[in-house]
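# Remarks on the overall topology
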Amino acid sequence: MTARSALPGPHTPTLGLGGRTALVTGAAGGIGRACALRLAAAGAKVRAVDRDATGLDTLAEESRGLAGALEPQVLDLTDLDAAELAAAGTDVLVNNAGLQLVCPLEEFPPDVFHTVLTVMLEAPFRLMRGALPHMYGQGWGRIVNISSVHGLRASAFKSAYVAAKHGLEGLSKTAALEGAPHGVTSNCVNPAYVRTPLVERQIADQARAHGIPEERVLSEVMLRDSAVKRLIEPEEVAEAVAYLCGPAASFVTGTSLVLDGGWTAH
């Protein structure tokens, strides 16, 4: 069953994000899009960062009428200096951008491995580095890192992605320990497979790597270890992000909020 939109309704608790500035990476689609819209609906001014200019234009149109403003910013996160500068003055940082290649380790292209680690681990470090002085100065900040069940468990043929997500878990915990005296929390959100273009593009690669037809990938690979046999919706992930930014989560830091349908219960 497809989940309904998780954008705020009349009974959604306030997040108190009016006057706050949020930065969301990978905001042009999927989880990033849902997070940008959710935080804007909560009143934040959202810097929507992505290298997809067309997708950002569409997002800006979708955000019209929400309580907060949305500012598209075209940025390639492999430009690490630019990423750090973009995070200056940020109250809420959502590190979401990612990429994936499904390939046996011995055949994995070294340049792709390097790019995945740059975008998904080094760029979050640089974004935190750019955001923390402002957060520390005001005594409040929220860092939410979109990790994955693959930040907690490994899967074959995903060496770069798994390495990056495991590294992001450690980086997030370090930021939590350092940020706590300054009123800054840092947490991971760990979904299983989300209904996004990134996941949809994996199906052919998964079929090739596992030697099965594409129509069997969803049931035999993606949902094999999940007790809940469906993909999670981007809006569900965005709602978890919103919770971690709200007042009810002020004591939650250095942890991983797992949305895996029971995967890690095994």
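Nothing here was measured: the structure is a model prediction, and the numbers come from that model. (Residues numbered from 1 in each chain as written. Predicted model: local features only at pLDDT ≥ 70, side-chain atom pairs only at ≥ 80, totals over all residues. Heavy atoms only, no water.)

## Topic: the sheet that holds strand β2 (residues 45-50)
To be explicit about the condition: Paired strands, in this sense, are two strands between which DSSP finds at least two bridges. Starting at the N terminus, helices and strands are each numbered in turn, a helix being any DSSP run of H or I of at least four residues and a strand any DSSP run of E of at least two. Note on geometry: axes are lines fitted to C-alpha atoms, helical ones only across the stretch in contact, with angles between N-to-C directions running from 0 to 180 degrees. It only takes one pair of heavy atoms within 4.5 Å for two residues to be counted as in contact.
The strand order across the open sheet built from 7 strands is β3-β2-β1-β4-β5-β6-β7, with neighbouring strands paired in parallel fashion. The outermost strands of the open sheet, each flanked by one partner alone, are β3 (70-74) and β7 (256-259). Each strand axis lies, on average, 15° off the axis of its neighbour in the sheet, ignoring direction. Of the strand pairs in this sheet, strand β1 (residues 21-25) and strand β4 (residues 92-95) are connected by 3 bridges, and their pairing is parallel. Across the sheet, residue L23 finds its bridge partner in β4, namely L93. Here helix α5 (residues 159-179) sits on the sheet and contacts β5 (141-146), β6 (184-191) and β7; the angle it forms with β6, its principal contact strand, is near 155°.

## Topic: the state of the cysteines
Selection criterion: Disulfides are defined in this document as cysteine sulfur pairs within 2.5 Å. To sort residues, take the accessible area from a 1.4 Å probe on protein chains only and compare it with the maximum for the residue type: under 20% means buried, over 50% means exposed, and anything in between is partly exposed.
The full count for this structure, using the stated rule, is 0 disulfides. C35 carries a free sulfur, and the closest cysteine sulfur to it, the one in C245, is 8.5 Å from it. In this structure C188 is not part of a disulfide, and its nearest cysteine sulfur, from C35, lies 13 Å away. Under the relative-accessibility criterion, C188 is labelled buried at 1%.

## Brief notes about the pattern of salt bridges
Basically, it comes down to this: Any Lys or Arg side-chain nitrogen located within 4 Å of an Asp or Glu carboxyl oxygen qualifies as a salt bridge.
Under the counting rule described, the total for this entry stands at 13 salt bridges. Between K173 and E169 there is a salt bridge, with its nearest N and O atoms 3.6 Å apart. Here K173 and its partner E169 are both found in helix α5, 4 residues apart, which amounts to about one turn of the helix. Exposure remark for E169: the relative accessible area of 5% places this residue in the buried category. Of the charged contacts, one joins R224 and D225 as a salt bridge, the two residues approaching to 3.3 Å between their closest N and O atoms. For R224, a relative accessible area of 54% corresponds to the exposed category. Residue classification places D225 among the partly exposed residues on the basis of a relative accessible area of 22%. Through salt bridges with shared partners, a single ionic network connects D81, E84, R126 and R129.

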